[in-house]
Structure formats: structure tokens, C-alpha cells
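Listed below, chain by chain, are the residues.
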Amino acid sequence: MVRRGDAAFAPDWARTLIDPQAFAHEQRCLAYAWTFLGFTTDLAQDGDWFRASLATRSVFVQRFGAELKGFENVCAHRFYPLRTKDKGNGPIVCGFHHWRYDNDGAAIGIPKCQENFGTVARALGARLKPIEVATCGTLVFGRFPAPEKRCSLADFLGPGFPILETLSRSTHKPLALSHELAANWKLGLQITFDDYHTVTVHPTTFGKTGYLDREKLTYARFGAHSALVNSDRPQVFEKISAACADGSFRPTCYCILQILPNFLVALFRSDGDIFQCCIQQFVPVAHDRSLLHAWVYPAPFPVEGPWHARLWRHASDPVRNRLVLRYSRRVIREDNTICEGVQAVAHQIERAPYLAALEERIGWFEQSCRQLVAEGESILARTAPG
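Residues numbered from 1 in each chain as written. Predicted model: local features only at pLDDT ≥ 70, side-chain atom pairs only at ≥ 80, totals over all residues. Heavy atoms only, no water.

Q: Would you explain the overall build of the protein chain in this entry?
A: Assigned secondary structure in the protein chain consists of eleven helices and 17 strands. The C-alpha atoms of the protein chain give 22 Å as radius of gyration, which agrees with the globular expectation for 386 residues (21 Å, within 12%). A burial count over the protein chain gives 52% of its 386 residues as buried. In the protein chain, once contacts between residues fewer than 6 apart in sequence are set aside, the share between residues at least 24 apart is 62%. Surface summary for the protein chain: the accessible area is close to 18,600 Å², and the carbon and sulfur share equals 53%. Mean positive and mean negative side-chain charge positions of the protein chain (44 and 39 charges, respectively) differ by 5 Å. (Helix = DSSP H or I, 4+ residues; strand = E, 2+ residues; numbered from the N terminus. Rg over C-alpha atoms; globule rule 2.2 N^0.38 Å. Buried < 20%, exposed > 50% of the residue type's maximum accessible area, 1.4 Å probe, protein only. Contact = heavy atoms within 4.5 Å. Areas by Shrake-Rupley, 256 points an atom, 1.4 Å probe, with all protein chains shown as cover. Lys, Arg positive; Asp, Glu negative; His and termini not counted. Charge placed at Lys NZ, Arg CZ, Asp CG, Glu CD.)

This is the structure we're talking about:
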């Protein structure tokens, strides 16, 4: 059966790959979608903060007591970035003129305020632009606020919420890596939905056993997101979600969840019955440039069996983690080469692609991404001046 992506892809779907203005408009719209920003483990102490990117806009999330709050990383005075490092601890004080902000983003300490502005700091009304923040396990998500009430993070993730919550709760510090990708962020995401390329692109890793059998895989679509489970058991994705919710889940096969707009979590076997997790995020930088961040760590499930199996797991985890990181780095490099090749000829794309059965979820991604952009356009229209 010949498939075309016409039903899933907009006629000008490749425009954001080559047009900086189209890319910028897309990102303005996606700023209103829940987006992965970082980990609660970096916010363990009062005053801890980390910097992140939300649809190309610099933001930071900070702990104030029991509460996490987020703000755009731009001083209200002269627009200097308030956080110039990736993470840290301390009050919100601008390094340009020492304006100080409270936990609501209000300017409360302005040097020589009466002399320079003719009023006290609070009366000036200067504020940081807030972002909404919510968590799923140790994962921190954020979005820019809109006038109307919208879906919570739990509603946005749907049955994926308990799975992400379970997989993120690791007691091990993840090993991190970052790659610069000379390609649009969506190309990076698209290749993670592609189960057809493994033999040619990853001949020594994913593809060494041959092509996957679509009839033995489960593709699940939930809200804007999708998942692959390497099993053909009926309702396997729903059963995984339910088992994660009640705490009974134990992994038996490979699965991957892609969470729009730019985030995924993979669970895979690394050694016997030992599983690992890999989190990836494709951070948009420009129409033809992205950053790929990845974190690898042991899956948060106890080793069941005799004492020597548990001892072996404990002793071998450091070595295994390094090997998995090396494996992940190789796979990522191979994928990046393909994405950068497509980006090089993106100006020649004039139609929708053909989609194999093993590429079905690419079409789902394009449809869902268009819907998120449309929702953002609606918000922008309602909040436009005049």
C-alpha cells in the first residue's frame, strides 16, 4: 500500500525549516504549550534555580519554600538576563543595575529609586513576566500564561502522566550529554518517530537484527502525543499506564513516549532484565539549528531475584551507565547526520513525504504540532493590542 503524508502534512509544512519568520511565528505560538524545562532535583533547596529555553525564550524556574515559580529571564528595567548561568541558588537580583525581585516577580529593591524615578520601588509597578509551572514526577514543565483557563499538565499528558511520573523517579544522578544539531528541531523529533530507518542508519545498534515488524508493534496515540511499545498485546499501552498509576509496573519490553512539542522518554533493556531510561529534548534555536539534550540513567525499578543479582546490579551500574551513554551518543550522532542532510535540501521540499507503515507516527506528530500552533495563534489573536 502506498501512503502519502498529504492528510497529515500542511502544503507548506517545510516553510519553518527555511524561513526565519515562519519559524519565529511557530515558536511564539508554541510558547503557550506545556514544555519540558528541567528537573526538580536541581531545585532541592530553597532558592535553587535553573535556566531553560521555552520556545526560544530564556526563562528560569526557582524554588521559593515549597513552591516552584517561573519567570522570563529578562529584567524589567533594561532587559538584561537575570540568570546568566545554567543553575544556581540565590535571590533574583539583576547584574546590570542590582534591581531585586520578590517571589511574585515584583521589583522590590531598586537602588536610588526615589531619586531616579520619583517614587518607591513597589509603586513603580515593574514586574517580571511569569510562566506557569507544573511537575510530573521529577520533570518540570512550563508555558506562558493565557487569559482563559486551559488544561492542566495532567490533562495535557493524559495516560502518559503516570508513565512519565514513574520513569522519572530515579535515585541515580543521570549522565548528561548535549549535541548541537545543524537542523530544524522538528527534523530531530521526526527521526525519533521513524522505525523504518534503523537498518540503514543504525546497522550496528538498533538495526542489526533487521527491520521491525509493524504487526508486532503497538503505536498508541494519546492527546497530542504518541508512544511505541515493542509488543502486540491488546491494550498494552493502557495497561502500562494503569500499572504505573498503581505502582505495579515492571518493564518487559522497549517503549518510547514522545511528548509534544519537543520531549521524549525511552525505556530499554540494557543487560538481561536490567532496563535504562533515556530522556531527550530538542531545543529550537533557529530555523536551521537546534540543541539536543539527553540524560541517561538506570530505570527506577528494583532488581527482583536472589541477593547476588541485586549485588551485581549495584556493582555494575556505573560501568553499564557509561556504556549506555556511549551507545546513546553513537545513535544520536547517526541520527543527527541524517537530519542535517535533510536540512541541507529543505529549500527543495515542495510536497508531503511518502510515509511507510513504520513512519505513521510522523504524520501524527505533524497533525498535533499544527494543532498546538493553531491554539497558540488563537491566544495571540485574543491578546493582541487593540
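Let us keep going from here.
Q: What is the right way to look at the sheet that holds strand E5 (residues 87-89) in this model?
A: If you trace the seven strands from one edge of the open sheet to the other, you get E1-E10-E9-E4-E3-E2-E5, paired in antiparallel fashion. The open sheet has two edge strands with one neighbour each: strand E1 (35-39) and E5. Ignoring strand direction, the axes of neighbouring strands in this sheet form an average angle of 30°. Pairing of strand E3 (residues 57-64) with strand E4 (residues 67-72), which is carried by six bridges, proceeds in the antiparallel orientation. Along E4, the bridge assignment pairs Arg 63 with Leu 68. In the packing of helix H6 (residues 160-168) onto the sheet, contacts are made with strand E9 (130-136) and strand E10 (139-143), and the angle to E9 comes to roughly 75°. (Pairing = 2+ DSSP bridges. Axes fitted to C-alpha atoms, helices over the stretch in contact; angles between N-to-C directions.)

Q: Hey, could you run me through the pattern of salt bridges in this one?
A: Oppositely charged side chains may form a pair once their charged atoms are brought near each other. The final tally for this structure, using the stated rule, is 14 salt bridges. With a closest N to O distance of 3.0 Å, Asp 42 and Lys 87 form a salt bridge. Here the residue Asp 42 occupies a position in the loop between E1 and strand E2 (48-54), and Lys 87 occupies one in strand E5, the gap between them amounting to 45 residues. Classification of Asp 42 by relative accessible area gives partly exposed; the value is 23%. Take Lys 87: its relative accessible area is 46%, and that puts it in the partly exposed class. One continuous salt-bridge network, built from bridges that share partners, spans Glu 132, Arg 143 and Arg 150. (Salt bridge = Lys/Arg side-chain N within 4 Å of Asp/Glu carboxyl O.)

Q: Hey, could you run me through the packing of H6 against helix H9 (residues 236-246) in this one?
A: Between two packed helices, the angle of one axis relative to the other and the distance separating the axes together describe the packing. Packing of H6 against H9 brings their axes to within 8 Å, and their N-to-C directions diverge by 55°. It follows from the interaxial angle that H6 and H9 lie oblique. Regarding H6 and H9, the two cross each other, and that crossing is left-handed. Between H6 and H9, the contacting residues are Gly 160, Pro 162, Ile 163 and Thr 166 on the first element and Phe 237, Ile 240, Ser 241, Cys 244 and Ala 245 on the second. (Parallel < 35°, antiparallel > 145°, perpendicular 65-115°, else oblique. Left-handed = near helix turned anticlockwise from the far one by under 90°.)

Q: Please clarify how the pairing of strand E16 (residues 274-286) should be interpreted in this entry.
A: Here is the key point about a regular strand: its side chains alternate between the two faces of the sheet. Across the 13 residues that make up E16, a large majority, twelve, are buried. Where strand E15 (residues 263-271) and E16 come together, eight bridges link them in antiparallel fashion. What sits directly across from Ala 266, in E16, is Cys 278. Remark: two residues form the turn of the hairpin made by E16 and strand E17 (residues 289-298), two consecutive strands paired antiparallel.

Q: Honestly, unusual backbone geometry in this entry has me stumped. Any pointers?
A: Excluding glycine, residues mostly have negative phi values, and the peptide bonds linking residues are mostly trans. Put simply, Leu 260 and Pro 261 share a cis peptide bond, and its omega is 10°. On the secondary structure map, Pro 261 appears in the loop between strand E14 (255-259) and E15. Residues other than glycine seldom take positive phi values, yet Ala 55 does so here, at roughly 55°. With respect to the helices and strands, Ala 55 occurs in the loop between E2 and E3. Taking relative accessible area as the criterion, Ala 55 reaches 10% and is therefore assigned buried. Of note in the backbone geometry, Gln 235 takes a positive phi value of approximately 50° without being a glycine.

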